[in-house]
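# Reading the structure
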Amino acid sequence: MIILWDPDPTAVERYRFALGPDTTALDSSIVVGRTLHDDPKVDQVVIGQDVSLDDACALAEGARLDRPELGVILLRSRIDVTTLSQALRSGIREVVGADDHTGLADALRRSRELTARLVGHAGGGTSKDGKIITVFSAKGGVGKTTVSTNTACQLARLGHKTLLIDLDLSFGDVAISLQLVPDRSVFDAVAMAGTIDDEGVRSLVTTHETSGLDVICAPNDPGDADRIPVSTVAELIKVARRTYDFVVVDTPPSFTEHVLASVDLSDILVLIATLDIPAVKNLRVAIDTLDMIGSPKDSRVIVLNRADAKVGLRPEDVESAIKTAIAVNIPSSLTVPASVNRGVPIVLDEPKLPVSVAIRDLVDHHIRPRSAGEDVEPVDAHARRGLFRSRR
């Protein structure tokens, strides 16, 4: 399938001879990016002459990391050495004159042949990327890092190669929650910007020995947060998903540009709240914001933490306020802060505790794909006693 990115609504008919019938015309970079993310059948992108060279190159650079098999062809009314050089450096396969329809058809044929070879080299299909899970709350103190660390540890415990990235770049608590002493952090990715590869990701990792979970920690100096470009974070996540089965991203309690980049790349967005009015209000605002930026609703998983607290609100009240069903209710437990103080996630320290059971429900029913006939982890009846059941 071909995408023609051109703000001119007549362009698709003008190039129909070269493009063929299986072509979708799109007029903005946001829509093109979302389509590429959602539709793996797109294998070629033709960029019209009215799209700026910088925007075209930005798309090609992102595709080179995220979809290396994708062919990008650029149309220009005038082709010079500077345009050719910048385009080819960014990963654009060919630059063709905007009036050369035969040349465009030939360029598409060559690009398809190259795509077929790349796909074949990957084993008969496009490379299977890992899942990106972003854990977010618009309010602090709701247990977001606890959910992130325990979810990631549970995935690692089940044998999945899992990476946890602490994207709370100023005040991240993942390292201290797991009692890690990292030598490197997200900040060290800045020096590799534009050239991050699998080995570069591995060089940033600190391993949690108890679970086998790999972690990329937040910087020790809060001042480093402003020196980490959004593009570097996006590049890091894209490369990491090629190596890991799951990449879990812990976030600060606000929609920073880094968080928005992670949300845009995510397959699953875990949204957390507690039974208090500010948390519910902020969750409602977060959902409205996600709707406004076009984040898909079916990728969201609503988690209510400390769901059995006797504070005058019920889970049903939260569902009514946010107009969305709660997927998982996690009960309260004094054992959770004790496990954090020991640096051992509760799913490993007390696997039969209702809190651990709820985390496992989150993983098994909403995050981890299971092969046909595979059962979820067995949990005894005592562990389930008093646990709020998931709502669909």
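Anything mentioned here points back to the structure above.
For the structure given in this document, a descriptive report is provided here. Because the structure is a prediction, the values reported are computed rather than measured.

## Section: the overall build of the chain
When helices and strands are tallied, the chain shows 17 helices and 13 strands. Judged by the C-alpha coordinates and their principal axes, the chain covers about 70 × 45 × 45 Å. Here the chain, with 392 residues, has 50% of them falling under the buried criterion. Put simply, 72% of the contacts in the chain that link residues at least 6 apart link residues at least 24 apart. Summing over all exposed atoms, the chain offers an accessible surface of approximately 17,700 Å²; the carbon and sulfur share of this is 52%. A distance of 5 Å separates the average location of the 44 positive side-chain charges in the chain from that of its 56 negative side-chain charges.

## Some points on the packing of helix 10 (residues 230-243) against helix 11 (residues 257-265)
For the pair helix 10 and helix 11, the least separation of the axes is 9 Å and the interaxial angle reads 30 degrees. Classed by the angle they form, the pair helix 10 and helix 11 counts as roughly parallel. Where helix 10 crosses over helix 11, the handedness of that crossing is right-handed. In this structure, helix 10 contributes Val230, Val233, Ala234, Ile237, Lys238 and Arg241 to the contact, and helix 11 contributes Glu257, His258, Ala261, Ser262 and Leu265. By residue class, the composition of the contact of helix 10 with helix 11 is six nonpolar, two polar and three charged.

## Let's talk about the sheet that holds strand 3 (residues 44-47)
The parallel open sheet is built from five strands, whose spatial order is 2-1-3-4-5. Each having just a single partner strand, strand 2 (23-26) and strand 5 (94-97) make up the two edges of the open sheet. Adjacent strand axes in the sheet meet at a mean angle of 25 degrees when their direction is disregarded. In this structure, strand 1 (residues 2-5) lies alongside strand 3, joined through four bridges in parallel fashion. Within strand 3, the residue paired with Leu4 across the bridge is Val46. Taken strand by strand, helix 3 (residues 29-38) contacts strand 1, strand 2 and strand 3, and its axis lies near 165 degrees from that of strand 1. The strands that helix 4 (residues 53-66) touches are strand 1, strand 3 and strand 4 (71-76); relative to strand 4, the one it contacts most, it runs at about 170 degrees.

## Focus on the pattern of salt bridges
Counting across every chain of the model gives 15 salt bridges. One salt bridge connects Arg284 with Asp288, and the closest N-O pair in it is separated by 2.6 Å. Of this pair, Arg284 and Asp288 both sit in helix 12 (residues 277-292), separated by four residues, roughly a single helical turn. A residue is classified by how much of its surface remains accessible, and Asp288, at 39% relative accessible area, is partly exposed.

## Let's talk about a nonpolar patch on the surface
Where nonpolar side chains cluster on the molecular surface, the patch consists of Ile79, Leu84 and Leu88 and spans about 240 Å² of accessible area. Tracing the backbone through its elements, the reader meets Leu84 in helix 5 (residues 81-90).

## Some points on the packing of aromatic side chains
One pass over the structure, following the stated rule, counts one aromatic pair. Geometrically, the ring pair formed by Phe136 and Phe255 is stacked, given 4.4 Å between the ring centres and 25 degrees between the ring planes. On the criterion of sequence distance, the pair formed by Phe136 in strand 6 (residues 131-136) and Phe255 in the loop between strand 10 (246-250) and helix 11 is long-range, its members being 119 residues apart. A relative accessible area of 1% means that Phe136 is categorised as buried.

Parameters at a glance
Residues numbered from 1 in each chain as written. Predicted model: local features only at pLDDT ≥ 70, side-chain atom pairs only at ≥ 80, totals over all residues. Heavy atoms only, no water. Helix = DSSP H or I, 4+ residues; strand = E, 2+ residues; numbered from the N terminus. Buried < 20%, exposed > 50% of the residue type's maximum accessible area, 1.4 Å probe, protein only. Contact = heavy atoms within 4.5 Å. Areas by Shrake-Rupley, 256 points an atom, 1.4 Å probe, with all protein chains shown as cover. Lys, Arg positive; Asp, Glu negative; His and termini not counted. Charge placed at Lys NZ, Arg CZ, Asp CG, Glu CD. Axes fitted to C-alpha atoms, helices over the stretch in contact; angles between N-to-C directions. Parallel < 35°, antiparallel > 145°, perpendicular 65-115°, else oblique. Left-handed = near helix turned anticlockwise from the far one by under 90°. Nonpolar A, V, L, I, M, F, W, Y, C, P; charged D, E, K, R; others polar. Pairing = 2+ DSSP bridges. Salt bridge = Lys/Arg side-chain N within 4 Å of Asp/Glu carboxyl O. Patch = residues over 30% accessible without salt bridge, like charges linked within 9 Å, V, L, I, M, F, W, Y side chains within 5 Å. Phe/Tyr/Trp six-rings, centres within 6.5 Å; stacked < 30°, edge-to-face > 60°.

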